[in-house]
Structure formats: structure tokens, C-alpha cells
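Close look at the chain arrangement
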Amino acid sequence: RPLASSAASAAVPAEPSGPGAFARFSELFSNLFPLWTVLSAGIALKAPQSLAWFSTSFFTGALAMLMLSMGITLTVDDFKRVLSRPGPVGLGFVLCYGMMPLLALAIAKALALPAPLTAGLVLIGCINGGQASNLCTYIARGDVALSVIMTTSTTIGVLGMTPLLCQWLLGTMVPVDARGIAESTAQVVLAPIVVGMGLNKLFPKTVKQIEPFCPIVGVIATCLLVGSSVAQVAGPILNAGLPLQLGAALLHTIGGLASYLLFKASGSDEKVSRTAAIETSMKSSAFGFLLAKLHFGEYLVRVPAAVSVVWMAVIGSSLAVVFRLMGDGSGSTGK
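Some remarks on the nonpolar core
Residues F33, L74, F79, I193, V230, L251 and I278 are the most contacted members of the largest nonpolar core, which totals 98 residues. For this core, the element with the highest residue contribution is helix α17 (residues 303-325), accounting for 14 residues. Not counting residues up to four positions away in its chain, the partners in contact with L74 are F79, V144, A145, V148, I193, M197 and N200.

This is how it looks when you write it as C-alpha cells:
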């Protein structure tokens, strides 16, 4: 009996008290996250019109639902704990805006990508972390509160870092709508998380019961977001050559693994290292596509962002599942 109890508690991140059968289904569904991601991207590439109904309002709603599903797993104490040790957040910021842009440039040069595709890949390296990283951190049994704060810090940082890095590395000043980003962050990231935390505080027993639904809701929302983004640029993705596909895959893979190893070497524990790996790997590729569309005259600059949408989701979800299968990380704060 103790052994069975231990196995059941390892099946889900927060040891929900819901029915064991559904908890096991939630575990299996989450472990197949990369498969669902690939399927959603494949459907979007094959029949992009099938996702035409997923308008901007649906897109925003799905993002908010994703963050709400993470928010109800958090408490105020989680954020206090993370903020009491800002080192991991600072190191994650440096990797996001230091290592990743230079890594993107090095990969583009190594693969001899044309100038427009090089610019597009570097642009991906210069943008903030994506909101889907919070779900992947949850699935990976990482530190979700740390993930949310890392995502928020790089999202705020994009206001200054992305234009400066683009000017330095590409010779192009990319204007960024500071007010728009701030409003979007508040609406689709901060507000749903605060609401979720409030529900957790007011109705802890109910939240405990529905917690096994959280990863399922998050996975479905993420797959819809990926599918919608891919459907909008299905043509460029299909026409992208192998070198660009390889470049995007290498950027997200090497970035995640390098971050994990660097955090481990710095003395951070397993939970923090997993969180950092996913945060660094998963960039906000859809935002990169928008910037490329608005601020670069050459059409091909936006193609790497379109390709990155797929690889970011596949690699991020794969990292999450690999970490999950490794078992629970010990500890919850980093150095």
C-alpha cells in the first residue's frame, strides 16, 4: 500500500485528491503533449482554413485560460519565496537576452543562411519568453511561480532589450509598442494568475479536486494557440528549406540544454534548472513574427518566426515530458 500511494502521488505535480483514474489519464495526456503539438501543427499546415474561426479574441481567451489553469496551482507564498532569491530570475534574463541572440547568430552563420533568414532567426533570439513555458514548467514539475516571474521579467525587458539588440546585431531599430505590451501582459498573464491564486486561497479544497484538469486545459489551449499561429503562415513554413528548419530546432534545443547545464553548474537545484531550461528554450515566436511583419521590409524575415512557432512548441513540450519522466525535482528554490 505505501508503494502504491507513492506511485500515485508521483503521477501528478501536486498530488490531487481527485479520482485516481482521472489523475492517471491526466498524467498520460500530459506525457503525450509533444504528440498533440505535432498533430495540431500538422492539421494547421495541411488545412489552415480549419482554424480560420480562431480569431484574435479566441487567441487572447486561450492565453488567459492557459494562465488561469496555472494560477490556481499557485499561492502568494510561492511568489514570496521566488522573490526572496532573485538570482535565478536575473540569470534567466541574461540567458534570454545575452546567450540566445548570439546563439541564433552563430547558428545562422554556421548554416550559411541568407541575410533575411539570418535576421529573422536572430530576431527570435532577441525576444521574450513565451507564456506556454509556464504550462511546460508545470508538466515538468518545475517551479511554476519562478517560471511566471521569469516570463514576466523578459516580457517587460523586451521593451528595451529587443530594439537595442536588433540595432546592435542587425543594424535595424525595431520599434516596440511599450504600452500595448504592458496592457497585453496585464490582461493575459497577470490578471488570470491573480484570479487563479484568489480561487486557490478562497476555495482550496475545490481547487485541489479540479487540479488534475489543469494540465489538460493548458495543453488544449496551447495546441489551439500553436495551430492558429501555424495556420496563418502555413505557406512559408512549408516552403522553408531544411537549413532553416534545422536552425530553428537547434536554437530552441541548444538554448534549453545549455541553460539547464549552466543553472546546474551555478548550484541551482533540479526544479530551478528545469524551469530555466524551459524558459530559455521557449521564446514568444508569435510576437517575433508580428515584429518581423511590422518592422522589416523583406518578407523572408518573418519566415524563421513562423518555423520557430512549431519547433519552440515541440521542443519545449518534449523537454517538459522528459523532465517529468525523470521524476520529481528536489527542492523549490535556487541559488
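Let's pick the thread back up.
Some thoughts on the packing of aromatic side chains
On inspection of all chains with the given rule, the structure shows nine aromatic pairs. Relative to F54, the ring of W53 has its centre 5.2 Å away and its plane inclined at 90°; by these criteria the two rings are edge-to-face. Connected via pairs of aromatic rings, a cluster forms that spans F22, F25, F29, W36 and F213. Over the ring of Y97 we find K283, and its NZ or CZ is 5.5 Å from the ring centre.

Quick notes on α17
Here α17 is 23 residues long and its end C-alpha atoms lie 34 Å apart, about the 33 Å a rise of 1.5 Å per residue gives. The largest bend along α17 reaches roughly 25° and is located at V309. Immediately downstream of α17, the backbone of G327 shows phi near 100°, a positive value.

Points about the environment of L105
Assignment of secondary structure puts L105 in helix α6 (residues 87-110). On a C-alpha basis, the gap between L105 and V122 in space is 5.6 Å, while along the polypeptide they are 17 residues apart. Ignoring any residue separated from it by four or fewer positions in sequence, one finds L105 in contact with T118, V122 and L169.

Let's talk about helix α2 (residues 20-31)
For α2, spanning twelve residues, the distance from its first C-alpha to its last is 16 Å, which sits close to the expected 16 Å at 1.5 Å a residue. Along α2, the residues that are buried comprise A23, S26, E27, F29, S30 and N31. Residues of α2 that are buried make contact with α3 (33-46), α8 (132-139), α12 (213-232) and α17.

Here's the deal with the pattern of salt bridges
Where charged atoms of side chains with opposite charge meet at close range, the side chains can pair. In this structure the tally under the stated criterion is six salt bridges. Linking E270 and K264 is a salt bridge whose minimum nitrogen-to-oxygen distance equals 2.7 Å. For E270, a relative accessible area of 10% translates into the label buried. The exposure class assigned to K264 is partly exposed, which follows from its relative accessible area of 35%. What you see here is one network of salt bridges that share partners, running through E27, R141 and R324.

Some remarks on the side chain of D143
If you trace the backbone, D143 turns up in the loop between α8 and α9 (144-170). Among the polar contacts made by the side chain of D143, one reaches the main-chain amide nitrogen of A145 at a distance of 3.4 Å.

Digging into the packing of helix α14 (residues 242-265) against helix α15 (residues 270-281)
Between α14 and α15, whose axes approach to 7 Å, the crossing angle comes to 155°. Between α14 and α15, the angle is such that the two are roughly antiparallel. As for how α14 packs across α15, the hand of that crossing is right-handed. Mapping the contact onto sequence places H252, G255, G256, S259, Y260, F263 and K264 in α14 and E270, V272, S273, R274, A276, A277, T280 and S281 in α15. The class makeup of the residues in the contact of α14 with α15 is five nonpolar, seven polar and three charged.

Concerning the environment of F263
Within the secondary structure, F263 sits in helix α14. Classification of F263 by relative accessible area gives buried; the value is 0%. For the pair F263 and L91, spaced 172 residues apart in the sequence, the C-alpha separation amounts to 8.3 Å. Apart from the residues within four sequence positions on either side, F263 is in contact with P88, L91, G92, L95, M150, S268, V272, S273 and A276.

Parameters at a glance
- Residues numbered from 1 in each chain as written.
- Predicted model: local features only at pLDDT ≥ 70, side-chain atom pairs only at ≥ 80, totals over all residues.
- Heavy atoms only, no water.
- Core = buried A, V, L, I, M, F, W, Y, C linked by side-chain atoms within 4.5 Å.
- Buried < 20%, exposed > 50% of the residue type's maximum accessible area, 1.4 Å probe, protein only.
- Helix = DSSP H or I, 4+ residues; strand = E, 2+ residues; numbered from the N terminus.
- Contact = heavy atoms within 4.5 Å.
- Phe/Tyr/Trp six-rings, centres within 6.5 Å; stacked < 30°, edge-to-face > 60°.
- Lys NZ or Arg CZ within 6 Å of the ring centre and 35° of its normal.
- Expected span 1.5 Å × (residues − 1).
- Bend = angle between axes of the 7 residues up to and from the residue.
- Salt bridge = Lys/Arg side-chain N within 4 Å of Asp/Glu carboxyl O.
- Polar contact = N/O pair within 3.5 Å; in protein donor to acceptor, adjacent residues only side chain to side chain.
- Axes fitted to C-alpha atoms, helices over the stretch in contact; angles between N-to-C directions.
- Parallel < 35°, antiparallel > 145°, perpendicular 65-115°, else oblique.
- Left-handed = near helix turned anticlockwise from the far one by under 90°.
- Nonpolar A, V, L, I, M, F, W, Y, C, P; charged D, E, K, R; others polar.

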